[in-house]
Every structure is written in structure tokens, then in C-alpha cells.
Amino acid sequence: MSRLSVMLCLAMWLMPAVAAEPSEALLQQISQQLAKQTSLQVDFIQTKQMAALKKPLVMKGELLYNRTDGVIWQLTSPYRVRYEFNGQAIIETNAAGERRERKAEDSPAIAQISNIFKAILSADQALLAQHFTLTAAGSMQKWEMHLTPKAAYLRKAMTEIVLSGKQTVEAVHIDEANGDRTDIRFFNRPAAGSPNADAAGSGQ
């Protein structure tokens, strides 16, 4: 074996060990940064690519997050529905105000999904690591966190979740087990009275 081949083999053998340390350090930095965020109120656009549809399904709405109370996911277009994830139940409220509650005691997966949802928004590394294999890439100026599910019930639904952002989580990409894809982008709500706020209020 030539000296060059030996050096290449050695480099390839060392690469995983060298790369693992920056990824772990970046994961900790992301978690520390997002841990400062105790509440969040943003608008979102969700785009879902489905094999059964020729065009992607686009949904718009509002996300409310509070570390203590949980997550409220409220769709406003193309239809209105509100989901509340509080750790004990998922509460669905439709446009007519009709409520449907699924309690964690009836389905343990409900509690897990609710907690995972909160953990994703806060990048709770300890909780996410219970359910996913975590890796990170980039820098604190522009990072990505890759989540590969461990649990069988999660693997049936998805193959990977990718979070990306800077100071906060700005986007979520989900590769689903059936081949569908979901992309969610979060937008800070414009201040009241600003031109952007007026445009948003007029539906433009």
C-alpha cells in the first residue's frame, strides 16, 4: 500500500472521531441558546408535499409556545382548527368551537408527542435524545439539528426531522416514512402599526 493510501485510510478512520466533538459542542450551544426562550408567538407557513396531490398543500397559522403551559398550534388557512398540546392531552377545537380531547392516560403516545413538540421548539437536548439520535452542523450564526427517530412508533411516522435557525428555531423539515415531506417556516409577527403588520392584516 502506498504512503498516500495509508494517509487517506488514516484520515477516513479519524474523521468520525474528529467530527463528533464539534457536533456535540454545537448541540449544547443550540440548547443553551434556545433554553433562554420561555415563550414564543409567531406566524407560520406549512408546506406539505404529498404523493397523492399534484400541488403541495399550503397551510398558514399561528404558533403560541409557553414552556410551562405547552404549545398551541392554530391553523387559519385554508381552514380553521386549533390544537393545544399541554402534556396531559391534545385538545382539538374546530371552526365551530367543537372540542375534542385525547388524554395522555388513554394513549401514552399522546403525552410523548406533546412533550416532543415542546422539546423541538426549545431544542431540549436531554429530552430529544430520549427519542432521537441527534447531530448538528453549521455554527451558531446558521445551524441545523438533525433528529433521527429511535422509537418504533416514531419511525413508522417519519425518517428524519431537521431543525434550522439562528437565535430561535426558524424552520422545521420533516421527511415522513411514506415519502411525504413537510416544511414549516416561522415568521416573527410584525409590530402593530408597521407597514408589514398592515399588509398582513389586509391579507396581502
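Caption draft 1: Region of the structure containing the overall build of the protein. What the protein contains, in helices and strands, is five helices and eleven strands. Burial status across the protein gives 35% buried among its 204 residues. Of the contacts formed within the protein by residues at least 6 apart in sequence, a portion of 36% connects residues at least 24 apart. Of the accessible surface of the protein, which amounts to about 12,500 Å², a share of 55% is contributed by carbon and sulfur atoms.

Caption draft 2: Here's a closer look at unusual backbone geometry. Residues Ser77 and Pro78 are joined by a peptide bond in cis, for which omega reads 5°. Its place among the elements puts Pro78 in the loop between strand 3 (70-77) and strand 4 (81-85).

Caption draft 3: A look at a nonpolar patch on the surface. A contiguous nonpolar patch, built from Ile45, Val58 and Phe187 and spanning about 220 Å² of accessible area, is present on the exposed surface. Checked against the element boundaries, Val58 lands in strand 2 (residues 57-66).

Caption draft 4: Here's a closer look at the pattern of salt bridges. Inspection of every chain in the model, using the stated rule, returns one salt bridge. Between Glu176 and Lys48 there is a salt bridge, with the nearest N and O atoms lying 2.3 Å from each other. With Glu176 in strand 10 (residues 169-176) and Lys48 in strand 1 (residues 39-49), this pair connects stretches of sequence that are 128 residues apart. Taking the relative accessible area as the measure of exposure, Glu176 reaches 17% and is therefore buried.

Caption draft 5: Inspection of the sheet that holds strand 9 (residues 158-165) at higher detail. Here we have eleven strands laid out as an open sheet, ordered 6-5-4-3-2-1-11-10-9-8-7, and antiparallel in their pairing. A single partner strand is all that each edge strand has here, and the edge strands are strand 6 (99-103) and strand 7 (132-139). Between one strand axis and the next, the sheet turns through 20° on average, direction left out of account. Relative to strand 6, strand 5 (residues 89-94) runs antiparallel, the two being bridged by five bridges. The partner of Ile91 across the bridge, within strand 6, is Glu101.

Caption draft 6: Representation of the confidence of the model for the protein. In the predicted model, the protein carries a mean pLDDT of 79, and the fraction of residues at 70 or more is 76%. Across the protein, element-level confidence peaks in strand 8 (residues 142-149) with a mean pLDDT of 93 and bottoms out in helix 5 (residues 195-201) with 44. Segment residues 2-21 is flagged for pLDDT under 50; beyond a separation of four residues in sequence, or across chains, it makes two contacts in the model.

Caption draft 7: Examining the pairing of strand 5 more closely. Inspection of the sheet shows strand 4 paired to strand 5 by five bridges, in the antiparallel sense. Its bridge partner being in strand 5, Glu84 is matched across the sheet by Ile91. The antiparallel hairpin formed by strand 4 and strand 5 contains three residues in its connecting segment, where Gly87 sits at a positive phi of about 95°. Hairpin connection of strand 5 to strand 6: four residues between the antiparallel strands, including Gly97 at a positive phi of 85°.

Caption draft 8: Geometry of the pairing of strand 8. Here strand 8 shows a buried face lined by Trp143, Met145, Leu147 and Pro149 and an unburied face lined by Lys142, Glu144, His146 and Thr148. Where strand 7 and strand 8 come together, eight bridges link them in antiparallel fashion. Bridging from a neighbouring strand, Thr135 pairs with His146 of strand 8. Counting the residues that bridge the hairpin from strand 7 to strand 8 gives two residues. Across five bridges, the pairing between strand 8 and strand 9 is antiparallel. Bridge pairing in strand 9 places Trp143 opposite Gly165.

Calculation notes
- Residues numbered from 1 in each chain as written.
- Predicted model: local features only at pLDDT ≥ 70, side-chain atom pairs only at ≥ 80, totals over all residues.
- Heavy atoms only, no water.
- Helix = DSSP H or I, 4+ residues; strand = E, 2+ residues; numbered from the N terminus.
- Buried < 20%, exposed > 50% of the residue type's maximum accessible area, 1.4 Å probe, protein only.
- Contact = heavy atoms within 4.5 Å.
- Areas by Shrake-Rupley, 256 points an atom, 1.4 Å probe, with all protein chains shown as cover.
- Patch = residues over 30% accessible without salt bridge, like charges linked within 9 Å, V, L, I, M, F, W, Y side chains within 5 Å.
- Salt bridge = Lys/Arg side-chain N within 4 Å of Asp/Glu carboxyl O.
- Pairing = 2+ DSSP bridges.
- Axes fitted to C-alpha atoms, helices over the stretch in contact; angles between N-to-C directions.
- pLDDT = per-residue confidence, 0-100.

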